[in-house]
Amino acid sequence: MGGLSMSPDNGERSDRPANLDYVPKWAGDDRQGQARSAEPGLSNEAEGFPDRDLSQRPRSLDPEIIHFRQLPRPRRGWFASSAGLVIAAALGAVIGLAVTGQFPSIFGETAQFSTKMNELASMLDHKKSPEPARSLPAGVVTAPTGQLSANGAPAHIATVGGTNAAAPIIRGVTESEIRFGISAPFTGPARELGQNLKMGIEAAFNMANANGGVYGRQLRLIAVDDGYEPARTATTIKQLYEKDQVFALVGNVGTPTAVVALPYALDRKMLFFGAFTGAGLLRNDPPDRYVFNYRASYAEETAAVVNYLVKVRQLLPEQIAVFAQQDAYGDAGFAGVEKAIRSLRGGNETPILRLNYQRNTVDVDDAVTQLQLKRRIPIKAVIMVPTYRAAAKFIEKTRDLYPDMIFTSVSFVGSTALADELMLLGPKYATGVIVTQVVPAVEGHSSLVLDYKSALAKYFPGVPSDYVSLEGYVDGSVLIAALQRNGPQLDTEKLVGTLESVRDLDIGLGTPVTFSRSEHQGVHKVWGTQLDANVHYQSIDLQ
């Protein structure tokens, strides 16, 4: 059937005769000339429809379909033709917009309009009869490919099985693994600290991975060596974030290195969990959102030992000195001693002798000299805020000068490494040395310690138990418990919220682990240990 030419001038009437069949008004105007047909069956009346008068034909509400062999040429020239083309183009555009789904966005989508457009698009698609699309198997998740992160590194996709759309891109998280990073000393004078802490975290991770991981994801720890030097930490933290694309940092070692690493992590909203330091810069009030500590602070460790020396050993505060590393770590420990002594004296300031040494050295001669110059009130106890080699060297050079001196150290020293160093010197250098701990005694038989020793024997056979690796194991265990509570949909903000909701988590420490929005330190308990003549640590009561 040929198309009909329509005129916008529908109000005019034609005096020409009409076809015997009724032609509706919208098709009757503007027809001129004769319809020529070679089709058999058409009557002469139909062929000669120009000789009939349409005005004499009664009108009906139900127009009949008529067939024209040829469209009559309009008499109105280019205007009618142009108008017809404009209307046809407009209708085509509307239909095209409706099919592509753009029409509603232009005129404002309503439920009724959207439904009509969908029906029209469906009818058109049905007429095209395309080959039906093949659906993906159930559980298969699609994700965009070739995406890059903001720094240009390949982006990693985290999805959850069974969803029908790509999950958001989460740094360091895929369907098969979660990557964590640790910046610590694995070479240099403090290497045992980094090696043991990493070992403890990996022991906990390996136990979880052997049981299927966390919601099917394996936990992976990527370690980089900063040598316990802040200048190197700037590079290692950047490497973990940009190159290794880790989800979070766990167990970073040291206070001076944290001074560099922490701002970098906070600026990028990266979780900074379980750092091996008790410094106050990780314990702001209120706490930084992305910083979570397991261990007690240096202020709590030094307060515990000051109280022990004054109340249990009956020393005067003036008889206590501090041997400290000359950096942020030593400053934090010294500040804790100052605060504890000030509290005992009712707020009065009391000068405290501080004996310093340089980080990553065992040059303690100046400290020994300063101690010998203190004659007016003899020093009877030294609270050390050191690394293990510097502590051992200081004890070696002062033990014979002060046979009754009480030496104590905060937990960062590395208890096993310190004992090993003192053993080389002989029992008299080791006996009686006190180390405060932030984990239970490794010689104990609690469920936590037995689980830790079992994991250590399985994944690091032949390696002895150690307070630092036990702390790493606790860090990993608390983090795993939080990941399990979090659920399969993992991102930093959700995990932070999960951690802040942890209450009374019992992992066998003898004290529960608790976090909240205003408390990002899980445990405040300090344990006391002391070396005996066999260079083994025994538990002591600090109260």
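For clarity, every value in this text was computed on a predicted model and none was experimentally measured.

What counts as what
Residues numbered from 1 in each chain as written. Predicted model: local features only at pLDDT ≥ 70, side-chain atom pairs only at ≥ 80, totals over all residues. Heavy atoms only, no water. pLDDT = per-residue confidence, 0-100. Contact = heavy atoms within 4.5 Å. Pairing = 2+ DSSP bridges. Helix = DSSP H or I, 4+ residues; strand = E, 2+ residues; numbered from the N terminus. Axes fitted to C-alpha atoms, helices over the stretch in contact; angles between N-to-C directions. Salt bridge = Lys/Arg side-chain N within 4 Å of Asp/Glu carboxyl O. Buried < 20%, exposed > 50% of the residue type's maximum accessible area, 1.4 Å probe, protein only. Phe/Tyr/Trp six-rings, centres within 6.5 Å; stacked < 30°, edge-to-face > 60°. Polar contact = N/O pair within 3.5 Å; in protein donor to acceptor, adjacent residues only side chain to side chain.

1. Some thoughts on the confidence of the model for the protein
Consideration 1: Overall, the prediction assigns the protein a mean pLDDT of 79, with 69% of residues at 70 or greater.
Consideration 2: Low confidence marks residues 1–83, where pLDDT is under 50. Its contacts with residues over four positions away, or in another chain, come to 94 contacts.

2. Description of the sheet that holds strand β4 (residues 271–273)
Consideration 1: Spatially, five strands are ordered β2-β1-β3-β4-β5 in an open sheet, and the strand pairing comes out parallel. Each having just a single partner strand, β2 (218–225) and β5 (291–292) make up the two edges of the open sheet.
Consideration 2: Bridging between strand β1 (residues 177–184) and strand β3 (residues 248–250) involves two bridges; their strand directions are parallel. Bridge pairing links F180 to A248 in β3.
Consideration 3: Packed on one face of the sheet, helix α8 (residues 255–267) meets β3, β4 and β5 and runs near 140 degrees to β4.
Consideration 4: Set on the sheet, helix α17 (residues 492–500) makes contact with β4 and β5; between it and β4 the angle comes to about 40 degrees.

3. Quick look at the pattern of salt bridges
Consideration 1: The full count for this structure, using the stated rule, is 17 salt bridges.
Consideration 2: With its nearest N and O atoms 2.8 Å apart, the salt bridge here joins R179 to E177.
Consideration 3: R179 sits in the buried class, given a relative accessible area of 5%.
Consideration 4: E471 serves as the salt-bridge partner of R295, at 2.8 Å between the closest nitrogen and oxygen. Taken together, the residues R295 in the loop between β5 and α9 (298–312) and E471 in helix α16 (residues 467–486) connect sequence positions 176 residues apart. Residues R295 and E471 agree in their burial class; the two are buried.
Consideration 5: Salt bridges sharing partners connect three or more residues here, namely E177, R179 and R220.

4. Overview of the pairing of strand β10 (residues 434–437)
As a general feature of sheets, a regular strand has side chains that alternate between the two faces.
Consideration 1: Of the two faces of β10, both are covered, the one formed by I434 and T436 as well as the one formed by V435 and Q437.
Consideration 2: Pairing of strand β9 (residues 406–409) with β10 involves two bridges; the strand directions are parallel. When the sheet's bridge partners are listed, T408 is paired in β10 with I434.
Consideration 3: Taken together, the four bridges between β10 and strand β11 (residues 527–531) define a ladder with antiparallel strand orientation.

5. Focus on unusual backbone geometry
Consideration 1: Looking along the chain, the bond that leaves D285 and enters P286 is cis, with omega of 0 degrees.
Consideration 2: Relative to the assigned elements, P286 resides in the loop between β4 and β5.
Consideration 3: Unlike most non-glycine residues, K269 shows phi in positive territory, near 55 degrees.
Consideration 4: Among the secondary structure elements, K269 is positioned in the loop between α8 and β4.

6. Some points on the packing of aromatic side chains
Consideration 1: Within the structure shown, the criterion is met by 13 aromatic pairs.
Consideration 2: Note on F180 and F205: the rings are 5.5 Å apart at their centroids and 45 degrees apart in plane angle, and the pair reads as tilted. With F180 in strand β1 and F205 in helix α6 (residues 191–210), the pair connects residues that are 25 residues apart, well separated along the chain.
Consideration 3: Overall, F180 belongs to the buried group, its relative accessible area being 0%.
Consideration 4: Note on Y329 and F412: the rings are 4.7 Å apart at their centroids and 55 degrees apart in plane angle, and the pair reads as tilted.

7. Focus: the side chain of T436
Consideration 1: Take T436: it is sitting in strand β10.
Consideration 2: Looking at T436, its side chain comes within polar contact range of the side chain of E301, at 2.6 Å.
Consideration 3: Apart from residues no more than four positions distant in its own chain, T436 is found in contact with E301, V305, S409, V410, S411, V526, W527 and L542.

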